[in-house]
Amino acid sequence: MTGEHDNKLAGGGRPTISDVARLAGVSKKTVSRVVNDSPFVSASTRAAVQAVIGRTGYVPDPHARGLAFGRSSLVGFAYERGEAGRAMACQAGLLEGLDGGGLEVLVRAVPDWSEGTLAELEVFFQRQRLFGMVLAGGVARPGWIGVDAAGDGYEGGRRAAAALLARSR
């Protein structure tokens, strides 16, 4: 973003959907339709909004999108602290597999895979409103994906990503 455009932003900081709407001379709903590739926007309006998005560097807030669509774009990835080295390969596979798929990863280290820890992860899962959860310890829970980080590593992370992306469609 250049200084010229900084002065036109409401808070002088990161551009918001309101900034884009104001600068493009349209409503926030129209900006949302453009961002979400709705067919209910004329080509000229779409071009004007996209030009403002390009100039300002506006990036939609993934949390706001999650609220609008009734689901989160965040995936939890938990690993046991003592297994961080092995978990890294699994995490790399997960990140690469999710790249461009609209899901982001939130990482959490846990002390062990006890029932108490899994119960805490369940609270974390619900509090963060995560779309999915990957456990890099071979542990399985209903609705969560368990990956054996030691045995599956990178490929296990890729398989977990594929399963998550299949669910998101």
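We now turn to the structure provided with this report. Not measured: the values here are computed from a predicted model.

## A few points about the overall build of the protein chain
Assigned secondary structure in the protein chain consists of eight helices and four strands. Reading the protein chain from its N end, one meets helices and strands in the order α-α-α-α-α-β-α-β-α-β-β-α. Counting across all 169 residues of the protein chain, residues that qualify as buried make up 37%. Within the protein chain, contacts between residues separated by at least 24 positions form 58% of all contacts whose residues are at least 6 apart in sequence. Summed over its atoms, the accessible surface of the protein chain is roughly 9300 Å², and 52% of this surface lies on carbon and sulfur atoms.

## Remarks on the environment of Met133
Counting through the fold element by element, Met133 comes out in strand 3 (residues 132-136). Taking the C-alpha atoms as reference, Met133 lies 8.9 Å from Leu74; in sequence the two are 59 residues apart. With residues up to four places along the chain from it excluded, the contact list for Met133 reads Val75, Gly76, Phe77, Ala78, Leu121, Phe124, Phe125, Trp144 and Ile145.

## A few points about helix 6 (residues 84-98)
For helix 6, which comprises 15 residues, the first-to-last C-alpha distance of 20 Å matches the rise-based estimate of 21 Å (1.5 Å per residue) to within 8%. Contacts made by the buried residues of helix 6 are with strand 1 (74-80), strand 2 (104-110), strand 3 and helix 8 (153-168). With its phi angle positive at about 80 degrees, Gly100 sits one or two positions after the end of helix 6.

## Examining the packing of helix 6 against helix 8
Direction vectors running N to C along helix 6 and helix 8 enclose 35 degrees, while the axes themselves pass 6 Å from each other. When the axes of helix 6 and helix 8 are compared, the crossing they make is right-handed. Here helix 6 contributes Ala89, Cys90, Ala92, Gly93, Leu94, Glu96, Gly97 and Leu98 to the contact with helix 8, which in turn contributes Gly153, Tyr154, Gly157, Arg158, Ala160, Ala161, Leu164 and Leu165. Looking at the contact of helix 6 with helix 8 residue by residue, the classes come out as 10 nonpolar, four polar and two charged.

## What to know about the nonpolar core
In terms of nonpolar packing, the biggest core is built from 18 residues, with Phe77, Leu94, Leu98, Leu103, Val134, Ala136 and Leu164 touching the most fellow members. Elements with a minimum of two residues in this core: strand 1, helix 6, strand 3 and helix 8.

## Things to note about the pattern of salt bridges
Following the criterion strictly, the structure yields six salt bridges and no others. Between Glu83 and Arg86 there is a salt bridge; the shortest N-O distance is 3.3 Å. Given a relative accessible area of 48%, Arg86 falls into the partly exposed group.

## Remarks on the sheet that holds strand 2
Strand order in the open sheet made by the four strands is 2-1-3-4, with parallel pairing throughout. In this open sheet, the two strands that pair with only one neighbour each are strand 2 and strand 4 (145-146). When strand 1 meets strand 3, the two strands line up parallel, connected through five bridges. The residue bridging Tyr79 from the neighbouring strand is Ala136, located in strand 3.

## Details of the packing of aromatic side chains
For the structure shown, the criterion picks out two aromatic pairs. Ring centres 6.3 Å apart and planes at 35 degrees place the aromatic pair Phe77 and Tyr79 in the tilted group. Of the two residues, Phe77 and Tyr79, both sit in the buried class. Ring plane angle 45 degrees and centroid distance 5.4 Å describe the contact between Phe125 and Trp144, whose orientation is recorded as tilted. One end of the pair, Phe125, is in helix 7 (residues 115-128); the other, Trp144, is in the loop between strand 3 and strand 4, and 19 residues separate them in sequence. For Trp144, a relative accessible area of 8% corresponds to the buried category.

Analysis parameters
- Residues numbered from 1 in each chain as written.
- Predicted model: local features only at pLDDT ≥ 70, side-chain atom pairs only at ≥ 80, totals over all residues.
- Heavy atoms only, no water.
- Helix = DSSP H or I, 4+ residues; strand = E, 2+ residues; numbered from the N terminus.
- Buried < 20%, exposed > 50% of the residue type's maximum accessible area, 1.4 Å probe, protein only.
- Contact = heavy atoms within 4.5 Å.
- Areas by Shrake-Rupley, 256 points an atom, 1.4 Å probe, with all protein chains shown as cover.
- Expected span 1.5 Å × (residues − 1).
- Axes fitted to C-alpha atoms, helices over the stretch in contact; angles between N-to-C directions.
- Left-handed = near helix turned anticlockwise from the far one by under 90°.
- Nonpolar A, V, L, I, M, F, W, Y, C, P; charged D, E, K, R; others polar.
- Core = buried A, V, L, I, M, F, W, Y, C linked by side-chain atoms within 4.5 Å.
- Salt bridge = Lys/Arg side-chain N within 4 Å of Asp/Glu carboxyl O.
- Pairing = 2+ DSSP bridges.
- Phe/Tyr/Trp six-rings, centres within 6.5 Å; stacked < 30°, edge-to-face > 60°.

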